[in-house]
Amino acid sequence: MKVVKFGGSSLADGPHVERAIAIIKEDSERRIIVTSAPGKRSADDVKVTDLLIAYATAVLHRDDYAEIREEIIRRYFEIATFFDLPQKALQFIPQTITSLAETAFPNADYLMAAFKATGERLNAFLLAALLNHQGITAQFIDPQEAGIIVSDQLGPNNATVLPETYSHLARFRESREVLVIPGFYGYTPNGDVATFSRGGSDITGAIIARGVAAECYENFTDVDAIYAANPAVVSHPRPIKEMTYREMRELAYAGFSVFHDEALIPAIAGKIPVIVKNTNAPQHPGTRIIPATDFKPQTTITGVACARNFSALYLHKYLLNKEVGVTLKILKILSAHGISYEHMPSGIDDLTIIMRADQLTPALRQQIALDIQAAVQPDHLEWIDDYAIIMVVGEGMHDRIGTTNGVTTALAQANVAIHMINQGASRISIMVGVRASDADRGTAAIYNYFEKEDA
């Protein structure tokens, strides 16, 4: 059995859904299908999930939502019309969308989660109806019926799967018909809808693949493969044929967004190979993501990625290395403000705390600086916002001498200054801090250097 997930771009309109159905038909082992909500049909279009968020916001603010509601319904009916599916068979769709505005929820966060989840739910219902219309026996199964139970401890819009889910899903292992299950959400033990983080349909697919012990988890999107660098930064980068789970995790940290990095956790636990493929060109082999034990690196580095969404708080104090408990004081302050740090490179008299910028408001930045000033009393303290991190990742780095030298040489040749450099204990990644304005140039320089070395 294969579990197959189609992304929003793969189910955006009738022609794309037609390709998805052809993919399902061509392999009888593709028996569990996970859907996203319809994505953009063109560059200036709006995703259905964003329409649902606007709908939820209008309901919360008691604004007129009739036009948004009708646009959401129209998106699904346009797909049905492409296949000549009678609209009378689809009354579940307008009924569900209309009832959302009339349902009582515990609070605004749960309302938002339920509205957002509806995009995937209705797309799964529609796809099952279309498959049956074309003579393929298919069954729509809601995550509650499937037994996808989640914790909302981090909030109903940032759910995490509970272990009992996997035993619930095991009963589908021998299913001979096609099951269509919406991605992105599950149900709390109290019966409330809670969604995974945005893009979480990938997570649902991986959870189901582990639960049914699938042969593989095929993730269909709109690119032929995962590339060794961002094509917007490097011209015609090398497609990655095969990579390990941990390589994907490292690269996703710095912006490889083709596959949701949290979705790797269930796949890793179940040792399920993940294959990223293109709905529009399914003949391409795509990228396989597999355990390190089954992997033989063909290149020194598998990929290079950069992310700019970081801020750094730099402090300098003479004899800082002699003080006991300085780092603990700083971590307590960050914890008190609900802030996680990413890295904390240090010298004998200085320390830099690197954080995700999207956690920080101007007021919070100021308060953190005041608290650290009072607790540590540094001689100098400043925020650095022009900060980016480049991740250089590859299983082939593990046993190769001189990789760090290659990274620094490439950056020097490109006239990119290094603010911080760190090699992970796994020896498959090197992290480099640079100015945000240098991030693209540095990424391209590193990629081109190692491509030439491995040629």
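See the structure printed just above.
> It is not clear to me how helix α11 (residues 326-336) should be interpreted in this structure. Could you clarify?
An α-helical turn contains 3.6 residues, so any two residues separated by three or four positions project in the same direction. Considered for burial, the residues of α11 that qualify are V326, I330, I333 and L334. Along the axis of α11, the buried residues cluster in a sector spanning 95 degrees; they form a single face. Summarising the geometry of α11, the exposed residues directed more than 90 degrees from the buried face are K332, S335 and A336. Buried residues along α11 sit against β13 (303-316), β14 (341-343), β15 (350-356) and α12 (362-376). One or two residues past the end of α11 sits G338, with phi positive at roughly 70 degrees.

> Even after reading the chapter, I still don't get the side chain of K116, so can you show me in this structure?
With respect to the helices and strands, the residue K116 is situated in helix α5 (residues 108-133). No salt bridge is formed by the buried K116, whose closest oppositely charged neighbour, D109, lies at an N-O distance of 8.7 Å. A polar contact is formed between the side chain of K116 and the side chain of N157, at a distance of 3.0 Å. If near-sequence neighbours (up to four positions away) are discounted, K116 is found in contact with L52, I53, N157, F184 and T195.

> Help me understand the sheet that holds β13 in this model?
Within a sheet, neighbouring strands are paired by backbone hydrogen bonds and run either parallel or antiparallel to one another. Reading across the sheet, the 6 strands line up as β14-β15-β13-β16-β18-β17 and stay open at both edges, with antiparallel pairing between neighbours. With one partner strand each, in any of the chains shown, β14 and β17 (420-423) form the two edges of the open sheet. For this sheet, the mean angle separating the axes of adjacent strands, direction not counted, is 35 degrees. In this sheet, strand β16 (residues 380-393) lies alongside β13 in antiparallel orientation, the contact comprising 11 bridges. In the sheet register, H316 faces β16, and the bridge partner there is H380. Of the strands in this sheet, β13, β15 and β16 touch α12, which is tilted by about 110 degrees from β16. The sheet strands contacting helix α14 (residues 439-454) are β13, β16 and β18 (429-434), and the helix crosses β13 at an angle near 130 degrees.

So, how was this worked out
- Residues numbered from 1 in each chain as written.
- Predicted model: local features only at pLDDT ≥ 70, side-chain atom pairs only at ≥ 80, totals over all residues.
- Heavy atoms only, no water.
- Buried < 20%, exposed > 50% of the residue type's maximum accessible area, 1.4 Å probe, protein only.
- Helix = DSSP H or I, 4+ residues; strand = E, 2+ residues; numbered from the N terminus.
- Arc of directions from axis to C-beta.
- Contact = heavy atoms within 4.5 Å.
- Lys, Arg positive; Asp, Glu negative; His and termini not counted.
- Salt bridge = Lys/Arg side-chain N within 4 Å of Asp/Glu carboxyl O.
- Polar contact = N/O pair within 3.5 Å; in protein donor to acceptor, adjacent residues only side chain to side chain.
- Pairing = 2+ DSSP bridges.
- Axes fitted to C-alpha atoms, helices over the stretch in contact; angles between N-to-C directions.

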